[in-house]
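Notes for the structure review
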Amino acid sequence: MAHQSKAEKLRTAGRLLAVCRQELAGMVRPGVTGLDLDRRAEEIITGLGGRPAFKGYRGYPASICVSPNRVVIHGIPNSTPFREGDLVSLDLGVEKDGFYADGAVTCPVGAAAPEYRRLMETTRRALELAIARVAPGVEIDELGRAIEAEVRSNGFDVVRSFCGHGIGRQLHQPPEIPNFASGNRFRLYAGLALAIEPMVNYKSGSVIILEDGWTVVTADGGYSAHFEETVLVTETGHEVVTDL
Ligand code: MF3
Ligand code: CO
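Cut-offs used in this document
Residues numbered from 1 in each chain as written. Chains lettered and ligands numbered in written order. Predicted model: local features only at pLDDT ≥ 70, side-chain atom pairs only at ≥ 80, totals over all residues. Heavy atoms only, no water. UniProt positions renumbered as here; feature names shortened; annotations may be inferred. Helix = DSSP H or I, 4+ residues; strand = E, 2+ residues; numbered from the N terminus. Contact = heavy atoms within 4.5 Å. Near = heavy atom within 4 Å. Polar contact = N/O pair within 3.5 Å; in protein donor to acceptor, adjacent residues only side chain to side chain. Areas by Shrake-Rupley, 256 points an atom, 1.4 Å probe, with all protein chains shown as cover. Nonpolar A, V, L, I, M, F, W, Y, C, P; charged D, E, K, R; others polar. Pairing = 2+ DSSP bridges. Axes fitted to C-alpha atoms, helices over the stretch in contact; angles between N-to-C directions. Parallel < 35°, antiparallel > 145°, perpendicular 65-115°, else oblique. Left-handed = near helix turned anticlockwise from the far one by under 90°.

1. As for the UniProt feature "binding site: a divalent metal cation 2" (unreviewed entry) in the chain
When the UniProt feature table is mapped to this numbering, "binding site: a divalent metal cation 2" (unreviewed entry) covers D102, H165, E197 and E228. These annotated residues cover 127 residues of sequence, but their C-alpha atoms sit close together, with the largest distance between any two at 10.7 Å. Assignment of secondary structure puts E197 in the loop between strand 9 (193–196) and strand 10 (199–201). Here E197 is in contact with D91, D102, C163, G164, H165, N179, H226, F227 and E228, once residues within four sequence places are set aside. Setting aside residues no more than four positions away along its own chain, E228 makes contact with R21, D91, D102, G103, A104, L127, H165, A195, I196 and E197.

So this is what it looks like as structure tokens:
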């Protein structure tokens, strides 16, 4: 292609991510392992001309993050089979033609208990409410406020130690996007791309990092959900680039 705009390259990376995420989500069932998903993700992403952006990022050892149950984020795929009732978060990063997309989904293994279904639905809805507000001139604080209000009104708690972020030519770039009211008055502008990613815990939002230096787990052992989309700020509002 002679020339692709930044928006077009983000869309391309985003669509690749969405295709991969959908296939992986469809694979989640009892007996499947995180390593199965990791291998398939690498095949799909490289097969479509992309690169798994997490692999080697600050030394991260896999292509995707697989975070079951009390693991909030950055779970390293392993050979433990999923079991009925687990709640598994899948987080993917794709780089294509120098641009990045980042996206996550939480999937039930088999049938989720009603309270965990509510946890997932609340997290998804909190993300959608934040995305709906994205437009030029909007303050970053508004996004986190929307997320935190939705989460609290459902009796859950947001994780405060990790945030969403700007994205584009790098996986992580400024500005930081907290999932809570932060008082950050920074205003969004057209052309900025954001990875918005609420992490929501069933009980307390407190987390700890395991000795492997990656795995982030809830401090109280409760389950956690995580949804993420890459969103481009446009002149008229926004565009989710990680949609199918
Ligand atoms: N999606 C994750 C985030 O934005 C990135 C995972 S970091 C990696 O925090 F090291 F696992 F790649
Ligand atoms: Co991210």
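2. Looking at the site of ligand 1
Taken together, F54, Y57, Y60, C65, H74, D91, D102, H165, H172, E197, W214 and E228 make up the full set of residues near ligand 1. For ligand 1, a nitrogen atom lies 2.9 Å from a polar atom in the side chain of D102. Out of a free accessible area of 330 Å², ligand 1 has 95% covered by protein chains. Looking at side-chain class alone, the shell around ligand 1 contains 5 nonpolar, 3 polar and 4 charged residues.

3. Quick word on the sheet that holds strand 13 (residues 224–226)
What the 3 strands build is an open sheet, ordered 6-10-13; its pairing is antiparallel. Looking along the sheet, the strands with just one partner apiece sit at the ends: strand 6 (157–158) and strand 13. Relative to strand 10, strand 6 is paired through 2 bridges, and the arrangement is antiparallel. Bridging across to strand 10, V158 finds its partner in V200. Contacting strand 10 and strand 13, helix 3 (residues 114–133) crosses the sheet at an angle of about 30° to strand 13.

4. Focus on the packing of helix 1 (residues 6–27) against helix 2 (residues 34–47)
Running from amino to carboxyl end, helix 1 crosses helix 2 at an angle of 150°, the nearest separation of the two axes being 10 Å. The angle between helix 1 and helix 2 places the two elements in the roughly antiparallel class. As helix 1 runs across helix 2, the sense of the crossing is right-handed. Contact with helix 1, carried on its side by L16, C20, E23, L24 and M27, involves D36, L37, R40, A41, I44 and I45 of helix 2 and no other residues of that element. Here the contact of helix 1 with helix 2 is built from residues that sort into 8 nonpolar, no polar and 3 charged.

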